[in-house]
Amino acid sequence: MLEEVVSGLSVPELMERLNISTGRIQNVINLLSLESPAPVVKQGTKWLLTNTNLSEEFWQRAQRLTELRRSERDQMQEYVSLSSGHMEFLTRALDGETNEASTAALPLLPTTVDPQLVHKAIEFLRGTSLPIEPRKQWPAGGMPTYGLKGKIRPEHLAEPGKALCMWGDAGWGRLVREGKYVDRRFSDELVKACAALVRAWSPQPAPAWVTCIPSLRHSHLVPDFARRLSSELGLPFQNAIVKTQPRPEQKTMANSTQQARNIDGSLALIAQPLLAGPVLLVDDMVDSRWTMTVAAWLLRTNGAGEVWPLALAITGNV
């Protein structure tokens, strides 16, 4: 990549070109810069390629480290699968003498869980919600299709939002997963849970109508849920946003810039005029927050009031 740009590239510019996480890009750059002589050097904010080729020793060292990490992974998997002898395993792994190891006379850990405790834990998880913080700046390099860059204007920002659960958690996560991939319809129980969340949240100014994020893969899933939620809340629903073209799923994008560019130009308004007042913007999953950010910008620039994001689940990458 660097050989294509004589003037060099910054880490944000590399993120635009590579579908690799920011951490991995930075780690590779740091590793290469520590070689002597180094194949890359930094000038200002940009990294430039030098005439130095990596030695055979570098690749041998990389191979040894890769094999070591795989061996450590295999050891962890073996440890997790043990039914007994955990202390002996750890002692051997740390090059200790197993015949010198002693274990306290403790009772075995239980292999079952009190159903009442499980129920209480699930009830606790179902009584919580997670924040969705609004993005306040467009990515490095902007959004070329929309012609956006720099800070997002305050009047175009999404408001702080809420998610019902973490994807796959023991509270509502199971129902969300089953609704999306098994039943292909989110349950009435999730509708009531989200309605209760909105009432307890009580965002101000209060939403006057409901809309949702579209999908080409599951075209009816979120609109059906949003319509039922709007009915439960006693608010009108307007199908205001359309997905104009298929794009890869956000979870396949490895860094924030790639996620933003994956959304750039893929959403448009189909409803004019929009219903008046603040709006509850509904989606099933929140991953990078760029979809919510662009949808809020579209709504606000076309006359909508405050945009309150609401999602069933956060994937953990937010």
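This text goes with the structure placed above it.
Residues numbered from 1 in each chain as written. Predicted model: local features only at pLDDT ≥ 70, side-chain atom pairs only at ≥ 80, totals over all residues. Heavy atoms only, no water.

What about the sheet that holds strand β3 (residues 130-132)?
What holds strands together in a sheet is hydrogen bonding between their backbones, with the strands either parallel or antiparallel. The test is simple: Two strands are said to pair when DSSP picks up at least two bridges between them. Only DSSP runs of H or I with at least four residues qualify as helices, and only runs of E with at least two residues qualify as strands; both kinds are numbered from the N terminus onward. Each axis is a line fitted through C-alpha atoms, taken for helices only over the stretch in contact, and angles between the N-to-C directions span 0 to 180 degrees. Any two residues whose heavy atoms approach within 4.5 Å at even a single point are treated as in contact.
Spatially, five strands are ordered β3-β4-β9-β8-β5 in an open sheet, and the strand pairing comes out mixed. Both outer strands of the open sheet, β3 and β5 (209-212), are each paired with one neighbouring strand and no more. Across the sheet, the mean angle from the axis of one strand to that of its neighbour is 25°, orientation sign disregarded. Taken strand by strand, helix α10 (residues 290-301) contacts β5, β8 (279-286) and β9 (307-314), and its axis lies near 160° from that of β8.

Structural notes on the environment of Val222
Selection rule: Each residue's exposure class comes from its accessible area (1.4 Å probe, protein chains only) as a fraction of the maximum for that residue type: buried when under 20%, exposed when over 50%, partly exposed otherwise.
Summarising the element assignment, Val222 is placed in helix α8 (residues 221-233). A relative accessible area of 5% places Val222 in the buried class. Residues Val222 and Cys212, ten residues apart in the sequence, show an inter-C-alpha distance of 6.9 Å. Excluding residues within four positions of it along the chain, Val222 makes contact with Cys212, Ile213, Val282, Asp283 and Asp284.

A closer look at α10
Filter applied, for reference: Expected helix span is given by 1.5 Å per residue-to-residue step, counting one fewer step than there are residues.
For α10, built from twelve residues, the straight-helix expectation of 16 Å at 1.5 Å per residue is met to within 8% by its first-to-last C-alpha distance of 16 Å. Taken across its twelve residues, α10 has eleven buried, putting it largely inside the fold. Of the residues making up α10, those classed as buried are Trp290, Thr291, Met292, Thr293, Val294, Ala295, Ala296, Trp297, Leu298, Leu299 and Arg300. Along its buried surface, α10 packs onto β5, β6 (241-243), α9 (256-263), β7 (267-269), β8 and β9.

Side note on the packing of helix α7 (residues 188-201) against α8
Put simply, the rule is: Under this scheme an angle from 65 to 115 degrees is roughly perpendicular, one under 35 degrees roughly parallel, and one over 145 degrees roughly antiparallel; angles in between are oblique. Each crossing gets its handedness from the near helix: less than a right angle anticlockwise from the far helix is left-handed, clockwise is right-handed. Amino acid classes used here: Ala, Val, Leu, Ile, Met, Phe, Trp, Tyr, Cys and Pro are nonpolar; Asp, Glu, Lys and Arg are charged; the rest, including Gly, are polar.
Running from N to C, α7 and α8 point in directions that differ by 50°, and their axes come no closer than 9 Å. By the criterion of interaxial angle, the relationship of α7 to α8 is oblique. Helix-helix and strand crossings are classified by hand; for α7 and α8 the assignment is right-handed. The residues of α8 that touch α7, namely those facing Asp188, Leu190, Val191, Lys192, Cys194, Ala195, Val198 and Arg199, are Phe225, Arg228, Leu229, Glu232 and Leu233. Looking at the contact of α7 with α8, its residues break down into eight nonpolar, no polar and five charged.

Looking at the pattern of salt bridges
For side chains bearing opposite charge, pairing can occur when the charged atoms are close. The criterion, for reference: Salt bridges are counted wherever a side-chain nitrogen of Lys or Arg sits within 4 Å of a carboxyl oxygen of Asp or Glu.
Applying the stated criterion across every chain yields a total of 14 salt bridges. Put simply, Asp224 and Arg228 hold a salt bridge, and the shortest N to O gap is 3.0 Å. One end of the pair is Asp224 and the other is Arg228, both in helix α8 and four residues apart, which spans about a single turn. Beyond isolated ion pairs, a larger network of salt bridges with shared partners links Arg185, Asp188, Asp224 and Arg228.

Some details on the packing of aromatic side chains
Heads up, the condition is: The aromatic pairing rule takes the rings of Phe, Tyr and Trp, using the six-membered ring of Trp, and pairs them if the centres are within 6.5 Å, calling planes under 30 degrees apart stacked, those over 60 edge-to-face and the rest tilted. Counting as a charge over the ring demands two things of the Lys NZ or Arg CZ atom: a distance within 6 Å of the ring centre and an angle within 35 degrees of the ring normal.
Enumeration according to the criterion identifies eight aromatic pairs in this entry. On the basis of an interplanar angle of 85° and a centroid distance of 6.4 Å, the ring pair of Trp138 and Trp297 is categorised as edge-to-face. One end of the pair, Trp138, is in the loop between β3 and β4 (161-166); the other, Trp297, is in helix α10, and 159 residues separate them in sequence. Residue class for Trp138 comes out buried when judged on its relative accessible area of 6%. Taken together, the aromatic side chains of Trp138, Tyr146, Trp290 and Trp297 make up a single cluster linked through ring pairs. Directly above the aromatic system of Trp172 lies the positively charged group of Arg126, at a separation of 4.1 Å from the ring centroid.

A closer look at the pairing of strand β2 (residues 46-49)
In terms of strand pairing, strand β1 (residues 40-43) meets β2 through four bridges, oriented antiparallel. Across the sheet, the residue bridging to Val40 is Leu49, located in β2. In this structure, the hairpin formed by β1 and β2 is closed by a connection of two residues, where Gly44 is found at a positive phi of approximately 70°.

Describing the environment of Glu4
With respect to the helices, strands and loops of the structure, Glu4 is situated in the segment before α1 (11-17). You can call Glu4 exposed: its relative accessible area is 62%. Taking the C-alpha atoms as reference, Glu4 lies 9.6 Å from Leu49; in sequence the two are 45 residues apart.

Some details on the side chain of Arg228
Note the threshold: Two N or O atoms form a polar contact when they lie within 3.5 Å of each other; inside protein one atom must be a possible hydrogen donor and the other a possible acceptor, and for residues adjacent in sequence the pair counts only when both atoms belong to side chains.
The exposure class assigned to Arg228 is buried, which follows from its relative accessible area of 15%. Here Phe186 takes part through its backbone oxygen, which lies 2.5 Å from a polar atom of the side chain of Arg228. Apart from residues lying up to four places away in sequence, Arg228 is in contact with Arg185, Phe186, Ser187, Asp188 and Val191.

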